[in-house]
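# Residue-level structure breakdown
If you want the building blocks of each chain, they are given just below.
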Amino acid sequence: MLTVEQVMSDLEKEGYLIAYTHFTHDVEPPFLIIPGVTTENEFADNHVYESVEVFSLEFYCCEDLRQSCSKLEKTFDRLGYAWEKEYQVWIDEEKMLDTRYSLA
């Protein structure tokens, strides 16, 4: 099971800028944000028996859009992450592409 700390460490070692919720200083794309963590709980009889953290990554880039996403996806594969691309949206004001991935 992947943890936020493991993913952040792995991707930093791969050379990516990554932060949990936000950076405390200005950064230039490409960079990754983990916007937050939720849980999926297994419960019965008013008791949580298992709680699993669930989180997504948002990848922001502004050059070589398809190539940048492909490079990140190959990194996920090499690291053994199960991943799914949830959406992509162009942020015109920033001239930047936001791509959200879910990891498992």
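Scroll up a little and you will see the structure.
In what follows, the accompanying structure is described. Note that the structure is a prediction, hence the values are computed from the model and not measured.

## Things to note about the overall build of the protein
Helices and strands together make up the secondary structure of the protein, namely two helices and six strands. Helices (α) and strands (β) of the protein occur, in sequence order from the N terminus, as α-β-β-β-β-α-β-β. Overall, the protein is about 50 × 30 × 25 Å in size when its C-alpha atoms are taken along their principal axes. Considering only contacts in the protein between residues 6 or more positions apart, those separated by 24 or more positions represent 47%. For the protein, the exposed area adds up to about 6,900 Å²; of that, 48% sits on carbon and sulfur atoms. Across the protein, 8 positive and 22 negative side-chain charges occur, with their mean positions spaced 10 Å apart.

## Side note on the packing of aromatic side chains
Evaluation of the coordinates by the stated rule reveals seven aromatic pairs. Measuring from ring centre to ring centre gives 5.6 Å for F23 and F31, while their planes differ by 90°; the resulting arrangement is edge-to-face. The pair formed by F23 and F31 is uniform in burial state, with each residue classed as buried. For the ring pair F76 and Y101, a centre distance of 5.3 Å and an interplane angle of 80° mean the geometry is edge-to-face.

## Observations regarding the environment of S102
Its location among the elements puts S102 in strand 6 (residues 96–103). Judged by its relative accessible area of 21%, S102 is partly exposed. Ignoring anything within four residues of it in the chain, the contact list for S102 reads F55, S56, A82, W83, E84 and E86. Looking at S102, its side chain comes within polar contact range of the side chain of E86, at 3.4 Å.

## Looking at the pairing of strand 2 (residues 31–34)
It is a general feature of regular strands that their side chains alternate between the two faces of the sheet. Judged by which residues are buried, strand 2 turns out to be covered on both faces: F31 and I33 on one side and L32 and I34 on the other are all buried. Note: strand 1 (residues 18–20) against strand 2, three bridges, orientation parallel. Bridge pairing in strand 2 places I18 opposite L32. Bridge analysis of strand 2 against strand 4 (residues 47–61) gives three bridges, and the strand direction is antiparallel. Its bridge partner being in strand 4, L32 is matched across the sheet by F59.

Rules used in this analysis
Residues numbered from 1 in each chain as written. Predicted model: local features only at pLDDT ≥ 70, side-chain atom pairs only at ≥ 80, totals over all residues. Heavy atoms only, no water. Helix = DSSP H or I, 4+ residues; strand = E, 2+ residues; numbered from the N terminus. Contact = heavy atoms within 4.5 Å. Areas by Shrake-Rupley, 256 points an atom, 1.4 Å probe, with all protein chains shown as cover. Lys, Arg positive; Asp, Glu negative; His and termini not counted. Charge placed at Lys NZ, Arg CZ, Asp CG, Glu CD. Phe/Tyr/Trp six-rings, centres within 6.5 Å; stacked < 30°, edge-to-face > 60°. Buried < 20%, exposed > 50% of the residue type's maximum accessible area, 1.4 Å probe, protein only. Polar contact = N/O pair within 3.5 Å; in protein donor to acceptor, adjacent residues only side chain to side chain. Pairing = 2+ DSSP bridges.

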